[in-house]
Amino acid sequence: VSALAPLGQQMAPYACQRRTPLLHSNQPLTEALETLAEDAGFSGSEGRSLAFTRAASVLKALPGRLSALEELGPLPGIGEHSRRVIQDVLEDGVSVEVERVKLSERYRTMKLFTKIFGVGVRTASRWYQEGLRTLVDLQERNTKLTRQQQAGLRHYEDLNTPVERGEAESIGRMVQEAVQRFLPGASVTLAGGFRRGKPHGHDVDLLLTHPEAGREAGLLSRVVSWLDSQGLILYQHSQENSFALHEGPEPPGGRDVLDRFERCFSIFRLEAQGRLGAARGWKAVRVDLVVAPVGQFPFALLGWTGSRHFERELRRFAGHERKMVLNSHTLYDTRLNLFLPAASEEEIFQHLGLEYVPPTQRNA
Ligand code: GTP
Ligand code: MN
Ligand code: MN
């Protein structure tokens, strides 16, 4: 056992109890584990996928670079299989298992297909079973595609080119400008990975609200129609608000990720910036727009800042440790039988009895 041991001694069991910066010292290890997590997800093994994701997340929160497995000590959340992978990467620089996965036809095809906007694991899996292997196959065999998938395929290259922070900010300004036309005083907040400090992302997540509750109703469709009329939208589908407080909280473990805000999944047409888009003049960018009434805004902001794993852990912590139900709308205390209101993210952490974790430390 080295002098560093054990690195993970003081590691808290839930990711929402830890600080996880964007940059960490164990990239090769987390990449290997996340590849296995992804591959397990591709075969529908959610439990196995989560186990690898948890292990990777623990390594991201370590204060230094791991050089031997023993340094980990009896860390929570790193199982047998993950330890083997870690050991292989530490000893040989690579894990044979991971390399085999990366080269496998199944993994590569699933990866290719799930990178199409609107294609999830189930659809990709079906196509794979049917013998489809390439994007050309999809076209040549006249595979039935939804309107969303057609747009995804049409803009495949752009949508799989990282969105730069500057691009995300321009889109934020475009939306802000449209919002001001219809509802002065409303705000537009950049959430998602960019709020966690990521320099680029796969999309732009924007949260809309207004300081007076109720004024935000109907805003989204006006904003989207106007942007559309300006030729700025290549694709969109919207969903109306279906949240009703009087229904009470969703049962824990029910709908995990989806919320019921008025929202719009879209593809924007962004005028080229700098040399990258100059050749063609514009670039397709995925944008998620979500509208929250001000009373739910802190919950929406917390829910839409991520990371996905941080969110999952917050909800698990709330349920298991506090008997509370947290979602992107509210926090409900099942022992007191009441909703716990919050005016800020800080207050939500307080209700949960958690130390506040700033967005840049939520990269679990
Ligand atoms: P990149 O976009 O790849 O940079 O990462 P990201 O962390 O921004 O991921 P993404 O845009 O997929 O999601 C941003 C956050 O919003 C994540 O924490 C998700 O958990 C959350 N999120 C995504 N879709 C939904 C949804 O339908 N409902 C809720 N409540 N949250 C969602
Ligand atoms: Mn995002
Ligand atoms: Mn998103």
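Just so we're clear, the structure is a prediction, and the values are computed from it rather than from any experiment. (Residues numbered from 1 in each chain as written. Chains lettered and ligands numbered in written order. Predicted model: local features only at pLDDT ≥ 70, side-chain atom pairs only at ≥ 80, totals over all residues. Heavy atoms only, no water.)

Brief notes about the overall build of the protein chain
Now for step 1: When you go through the protein chain residue by residue, the secondary structure sums to 16 helices and ten strands.
Now for step 2: Over its C-alpha atoms the protein chain spans a radius of gyration of 22 Å, differing by no more than 12% from the 21 Å that the globule rule assigns to 364 residues.
Now for step 3: Projected onto the principal axes, the alpha-carbon positions of the protein chain cover approximately 65 × 60 × 40 Å.
Now for step 4: Looking at the 364 residues of the protein chain, the share that counts as buried comes to 49%.
Now for step 5: With the model as given, the accessible surface of the protein chain reaches about 17,700 Å², and the carbon-plus-sulfur share is 51%.
Now for step 6: Here the protein chain carries 45 positive and 44 negative side-chain charges, and the mean point of each set is 2 Å from the other. (Helix = DSSP H or I, 4+ residues; strand = E, 2+ residues; numbered from the N terminus. Rg over C-alpha atoms; globule rule 2.2 N^0.38 Å. Buried < 20%, exposed > 50% of the residue type's maximum accessible area, 1.4 Å probe, protein only. Areas by Shrake-Rupley, 256 points an atom, 1.4 Å probe, with all protein chains shown as cover. Lys, Arg positive; Asp, Glu negative; His and termini not counted. Charge placed at Lys NZ, Arg CZ, Asp CG, Glu CD.)

Focus on the nonpolar core
Now for step 1: By size, the foremost hydrophobic cluster in this structure holds 38 residues, and its most contacted members are L59, L72 and I86.
Now for step 2: Going through the elements one at a time, α1 (27-42), α2 (46-60), α3 (80-92), α4 (96-103), α5 (105-114) and α6 (121-129) are the ones with two or more residues in this core.
Now for step 3: Top contributing element to this core by residue count: α1, with six residues.
Now for step 4: Once residues lying within four places of it in the same chain are set aside, the contact partners of I86 are L29, L33, L59, L66, L69, L72 and I78.
Now for step 5: Counting residues in hydrophobic clusters, the runner-up holds 29 residues, among them V163, V175, F194 and L289. (Core = buried A, V, L, I, M, F, W, Y, C linked by side-chain atoms within 4.5 Å. Contact = heavy atoms within 4.5 Å.)

Structural notes on the coordination of the manganese ion (ligand 2)
Now for step 1: The protein atoms donating to the manganese ion (ligand 2) are D203 (OD) and D205 (OD), with metal-donor distances spanning 2.0 to 2.1 Å.
Now for step 2: Between the two metals, the manganese ion (ligand 2) and the manganese ion (ligand 3), the spacing is 3.6 Å, and D203 donates to both.
Now for step 3: We classify D203 as buried; its relative accessible area is 6%.
Now for step 4: Classification of D205 as buried rests on a relative accessible area of 10%. (Donors = N, O, S within 2.8 Å, 3.2 Å for Na, K, Ca; no water.)

Section: the coordination of the manganese ion (ligand 3)
Note on metal geometry: ideal angles are 109.5 degrees for four donors arranged tetrahedrally and 90 or 180 degrees for six donors arranged octahedrally.
Now for step 1: The manganese ion (ligand 3) binds to the protein through D203 (OD), D205 (OD) and D288 (OD), with metal-donor distances spanning 2.1 to 2.3 Å.
Now for step 2: Counting residues between consecutive donors of the manganese ion (ligand 3) along the chain gives the motif D-x1-D-x82-D.

Some thoughts on the sheet that holds strand β5 (residues 233-239)
Now for step 1: Spatial ordering of the open sheet is given by β2-β4-β7-β6-β5, a layout of five strands whose pairing is mixed. On the outer flanks of this sheet lie β2 (187-190) and β5, each paired with one strand and no other. Neighbouring strand axes in the sheet, compared pairwise and without regard to direction, differ in orientation by 25° on average.
Now for step 2: As judged from the five bridges shared by strand β4 (residues 204-209) and strand β7 (residues 282-291), these two strands associate in the parallel manner. If you follow L207 over to β7, its bridge partner there is V290.
Now for step 3: The strands touched by helix α10 (residues 165-182) within the sheet are β2, β4, β6 (262-271) and β7, with β6 carrying the most contacts at an inclination of about 115°.
Now for step 4: Those strands touched by helix α14 (residues 297-305) are β2, β4, β6 and β7, and its axis lies near 175° from that of β4. (Pairing = 2+ DSSP bridges. Axes fitted to C-alpha atoms, helices over the stretch in contact; angles between N-to-C directions.)

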